[in-house]
Amino acid sequence: MTIPETRPDDVRTDGARVEDALRLLSGVPLGLDVAVKRLSRGSGVYAWWAGPSILPELPGPPNESDPSLRLLYLGRATSLRGRILRNHLRRSGSSTLRRTLAGLLVSEGYRTTWTDRVVLVSEDEARLTAWMYAHLRLTWAEDSEPATIEAELVRRVHPPLNVHGVDPEHIQAAVVAAKDSYNASSRPVEPSRTP
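Residues numbered from 1 in each chain as written. Predicted model: local features only at pLDDT ≥ 70, side-chain atom pairs only at ≥ 80, totals over all residues. Heavy atoms only, no water.

> Could you clarify how one ought to interpret the overall build of the protein chain in this entry?
Looking only at helices and strands, one finds seven helices and six strands in the protein chain. In the protein chain, the order of α-helices and β-strands from amino to carboxyl end is α-β-α-β-β-α-α-β-β-α-β-α-α. Seen through its principal axes, the protein chain has C-alpha atoms that stretch 75 × 45 × 35 Å. The buried share of the protein chain, reckoned over its 195 residues, is 46%. In the protein chain, the share of contacts with a sequence separation of at least 24, taken over all contacts with a separation of at least 6, comes to 70%. (Helix = DSSP H or I, 4+ residues; strand = E, 2+ residues; numbered from the N terminus. Buried < 20%, exposed > 50% of the residue type's maximum accessible area, 1.4 Å probe, protein only. Contact = heavy atoms within 4.5 Å.)

Given below as structure tokens:
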């Protein structure tokens, strides 16, 4: 077996990969009905966008291609299609984005229950997915090692719904409070004690 020779010009630096990802993430965000059909199974980073009337207390940077939309959240995935479809658009138990949105939309009356963690009740999982389809847009950039560029992307663009990897001065208190409220909304059932 021979190992192909790697020349320095063939290796993309993390900085070049970050710049490529920023360019793609700043492209025109797609509605979810279109995006879910185009998502690849490859790994990469993704960005969620919304109009300024959606969560107006949490302003994010505007999209370069469509300034009427602003960034809400940035994440990474080993499978873009799997992460978006199976987690972000289906299950609150495995999606930080869904849990944060449910906490921020508390006035909408989202209900939770306890499984092995706090999750939305099934009717409200469907309701939140419908809300996301109606209000959010998506961009993504494929990258073979998204974990190596995600932190730099978050540090540079300061998505308001991200908490991990964000400089402390950019962490939104409302987001932390929403996450705490959501996590406290249901607890495991205590076994009953008989006197």
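> How should the sheet that holds strand E2 (residues 44-50) be read in this particular structure?
Sheets are built from strands paired through backbone hydrogen bonds, the pairs being either parallel or antiparallel. Judged by pairing direction, the sheet is antiparallel, and its four strands sit side by side in the order E1-E6-E2-E3 without closing on themselves. A strand with exactly one partner marks an edge of an open sheet, and here the two such strands are strand E1 (30-31) and strand E3 (70-77). In this sheet, strand E6 (residues 136-142) lies alongside E1 in antiparallel orientation, the contact comprising two bridges. Looking at the pairing, Gly-31 lines up with Arg-137 of E6. Each of E2, E3 and E6 touches helix H3 (residues 80-88); the most contacted strand, E2, lies at about 45° to it. (Pairing = 2+ DSSP bridges. Axes fitted to C-alpha atoms, helices over the stretch in contact; angles between N-to-C directions.)

> Looking at this structure, how should I read the packing of aromatic side chains?
Any aromatic ring pair is given by two values, namely how distant the centres are and how the planes are angled relative to each other. This model, assessed by the stated rule, comprises zero aromatic pairs. Taking the ring centre of Tyr-110 as reference, the NZ or CZ of Arg-127 above it sits at 4.2 Å. (Phe/Tyr/Trp six-rings, centres within 6.5 Å; stacked < 30°, edge-to-face > 60°. Lys NZ or Arg CZ within 6 Å of the ring centre and 35° of its normal.)

> Can you walk me through helix H7 (residues 173-184) in this structure?
For an α-helix, the turn length of 3.6 residues means that residues three or four places apart are oriented alike. Over its twelve residues, H7 runs 16 Å from end to end, which matches the ideal 16 Å to within 8%, given 1.5 Å per residue. By the burial criterion, the buried members of H7 are Val-175, Ala-178, Lys-179 and Tyr-182. The buried residues of H7 occupy an angular sector of 95° when projected down its axis, which confines them to one face. (Expected span 1.5 Å × (residues − 1). Arc of directions from axis to C-beta.)

> Which parts of the structure should I look at to understand the environment of Trp-131?
Mapped onto the fold, Trp-131 is located in helix H5 (residues 122-135). Here Trp-131 falls in the buried class, since its relative accessible area comes to 13%. In this structure, the C-alpha to C-alpha distance between Trp-131 and Glu-145, residues 14 residues apart in sequence, is 31 Å. The contact partners of Trp-131, leaving out residues within four places of it in the chain, are Ile-54, Leu-101, Leu-105, Tyr-110 and Leu-136.

> Which parts of the structure should I look at to understand the pattern of salt bridges?
Opposite charge on two side chains allows them to pair when their charged atoms are near. Throughout the structure, instances matching the rule amount to ten salt bridges. The salt bridge involving Glu-152 is made with Arg-155; its shortest N-O contact spans 2.7 Å. With Glu-152 and Arg-155 both in helix H6 (residues 147-157) and three residues apart, this pair spans about one turn of that helix. Here the residues in one salt-bridge network are Arg-111, Glu-123, Asp-124 and Arg-127, joined through shared partners. (Salt bridge = Lys/Arg side-chain N within 4 Å of Asp/Glu carboxyl O.)

> Hey, could you run me through a positive patch on the surface in this one?
Residues Arg-41, Arg-86, Arg-90 and Arg-91 make up a contiguous surface patch of positive charge. Assignment of secondary structure puts Arg-41 in the loop between helix H2 (32-38) and E2. (Patch = residues over 30% accessible without salt bridge, like charges linked within 9 Å, V, L, I, M, F, W, Y side chains within 5 Å. Areas by Shrake-Rupley, 256 points an atom, 1.4 Å probe, with all protein chains shown as cover. Lys, Arg positive; Asp, Glu negative; His and termini not counted. Charge placed at Lys NZ, Arg CZ, Asp CG, Glu CD.)

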